Amino acid sequence: MKALCAFLLLTILASPLIAADTWVFLGDSLTVATIGNGASFKAEVKAAYGVDIEVQNTSRVGKHSYEYVKEIDSILRKYPTAKYFPFMIGTNDVLHYSESKAKWLRGHLVTVLDKIKAAGRVPILFRIPFRKYQGGDPLAAFNTKVYDPLIAKYSPQWYDKGNNKGLLDMHS
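Just so it is clear, the structure is predicted and the values come from calculations on it, not from any experiment.

Visitor: Give a detailed account of the overall build of the protein, specifying residues and quantitative values.
Guide: A count of helices and strands for the protein gives six helices and six strands. When the helices and strands of the protein are read in sequence order from the N terminus, they spell out α-β-α-α-β-α-β-α-β-α-β-β. For the protein, the residues scored as buried account for 44% of the 172 residues in total. Partitioning the contacts of the protein with sequence separation of at least 6, the portion at a separation of at least 24 is 74%. Summing over all exposed atoms, the protein offers an accessible surface of approximately 8300 Å²; the carbon and sulfur share of this is 56%.

Visitor: I'd like a rundown of the packing of helix H5 (residues 99-118) against helix H6 (residues 140-154), residues and numbers included.
Guide: Relative orientation of the contacting elements H5 and H6 amounts to 15°, with a least axis distance of 10 Å. Looking at the two axes, H5 sits roughly parallel to H6. Seen from above, H5 lies across H6 with right-handed handedness. In this structure, H5 contributes Glu99, Lys101, Ala102, Leu105, Arg106, Leu109, Val110, Leu113, Asp114 and Lys117 to the contact, and H6 contributes Phe142, Lys145, Val146, Tyr147, Leu150 and Tyr154. Taken together, the residues of the contact of H5 with H6 break down into ten nonpolar, no polar and six charged.

Visitor: Give a detailed account of the side chain of Glu67, specifying residues and quantitative values.
Guide: Locating Glu67 in the fold gives a position in helix H4 (residues 65-78). Given the relative accessible area of 15%, Glu67 is considered buried. With sequence-adjacent residues up to four places away left out, Glu67 is seen in contact with Arg60 and Gly62.

Visitor: Got a sec to walk through the environment of Pro149? Specific residues and values, please.
Guide: If you trace the backbone, Pro149 turns up in helix H6. Relative accessible area serves as the criterion here: at 41%, Pro149 is assigned to the partly exposed category. Along the chain, Pro149 and Tyr159 lie ten residues apart, while their C-alpha atoms are 9.1 Å from each other. Ignoring anything within four residues of it in the chain, the contact list for Pro149 reads Asn143 and Thr144.

Visitor: Any chance you could break down the pattern of salt bridges for me, citing the residues and the numbers?
Guide: If you walk through the whole model with that rule in mind, you get six salt bridges. A salt bridge links Lys63 to Glu71; the nearest nitrogen and oxygen atoms lie 2.6 Å apart. Of the charged contacts, one joins Asp73 and Lys115 as a salt bridge, the two residues approaching to 2.9 Å between their closest N and O atoms. Taken together, the residues span a long stretch of sequence, with Asp73 in helix H4 and Lys115 in helix H5 at a distance of 42 residues. What makes Asp73 partly exposed here is its relative accessible area of 34%. For Lys115, a relative accessible area of 27% puts it in the partly exposed group.

Visitor: How would you summarise the nonpolar core if you had to cite specific residues and measurements?
Guide: Counting residues in each nonpolar core, the largest one holds 28 residues, and the members touching the most others are Leu26, Ile75, Phe85, Phe87, Leu109, Phe142 and Tyr147. Going through the elements one at a time, strand E1 (22-27), H4, strand E3 (84-88), H5 and H6 are the ones with two or more residues in this core.

Visitor: Would you mind going over the environment of His64 in detail, with residue names and values included?
Guide: Looking at where His64 falls in the secondary structure, it is placed in the loop between strand E2 (54-57) and H4. For the pair formed by His64 and Asp28, sequence separation is 36 residues and the distance between their alpha carbons is 7.1 Å. Those residues in contact with His64 that lie beyond four places of it in its chain are Ile89, Asn92 and Asp93. Polar side-chain contacts of His64 include one of 3.1 Å to the backbone oxygen of Asn92.

Visitor: Could you give an account of unusual backbone geometry, with specific residues and numbers?
Guide: Most of the time, phi is negative for any residue but glycine, and the peptide bond is trans. A positive phi angle, close to 50°, is found at Asn164, a residue other than glycine. As for its position among the elements, Asn164 is in the loop between strand E5 (159-160) and strand E6 (165-166).

Calculation rules
- Residues numbered from 1 in each chain as written.
- Predicted model: local features only at pLDDT ≥ 70, side-chain atom pairs only at ≥ 80, totals over all residues.
- Heavy atoms only, no water.
- Helix = DSSP H or I, 4+ residues; strand = E, 2+ residues; numbered from the N terminus.
- Buried < 20%, exposed > 50% of the residue type's maximum accessible area, 1.4 Å probe, protein only.
- Contact = heavy atoms within 4.5 Å.
- Areas by Shrake-Rupley, 256 points an atom, 1.4 Å probe, with all protein chains shown as cover.
- Axes fitted to C-alpha atoms, helices over the stretch in contact; angles between N-to-C directions.
- Parallel < 35°, antiparallel > 145°, perpendicular 65-115°, else oblique.
- Left-handed = near helix turned anticlockwise from the far one by under 90°.
- Nonpolar A, V, L, I, M, F, W, Y, C, P; charged D, E, K, R; others polar.
- Salt bridge = Lys/Arg side-chain N within 4 Å of Asp/Glu carboxyl O.
- Core = buried A, V, L, I, M, F, W, Y, C linked by side-chain atoms within 4.5 Å.
- Polar contact = N/O pair within 3.5 Å; in protein donor to acceptor, adjacent residues only side chain to side chain.

This is the structure in structure tokens:
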């Protein structure tokens, strides 16, 4: 958690807008486990940077990207002053890569990311976490073909242009 906290905030804290900002996390069980009720993340930000933030976690175990397509408008209305929207979703949507699944997932992600941006908020898209299976990672192609291009477009401060990949991944 400390590495996540430090990395997310390192690029943002140069901005005076961070003080008292609200962070609304969107995600699945990985976000539930990492962020919980937000108290730990909030305390780490305070201890490391002396900044008080509010943390809301809309994540739920078993959550899918299409559910956020249905819910993002009400989430944006519920948190009208929230600035940052870390978005860690997708593992429950897919088991193995296919072009049709990639297109389906990309559509959901783009819809949510577009709405966050249109509301004047900052989306922070994470890569889909890898899964170590014998013979490789069946989800790796989603990062290179879906997440990395979207991170470059919607969350460029968390994109490594030299390596052509997103920087935020819960497991790497």
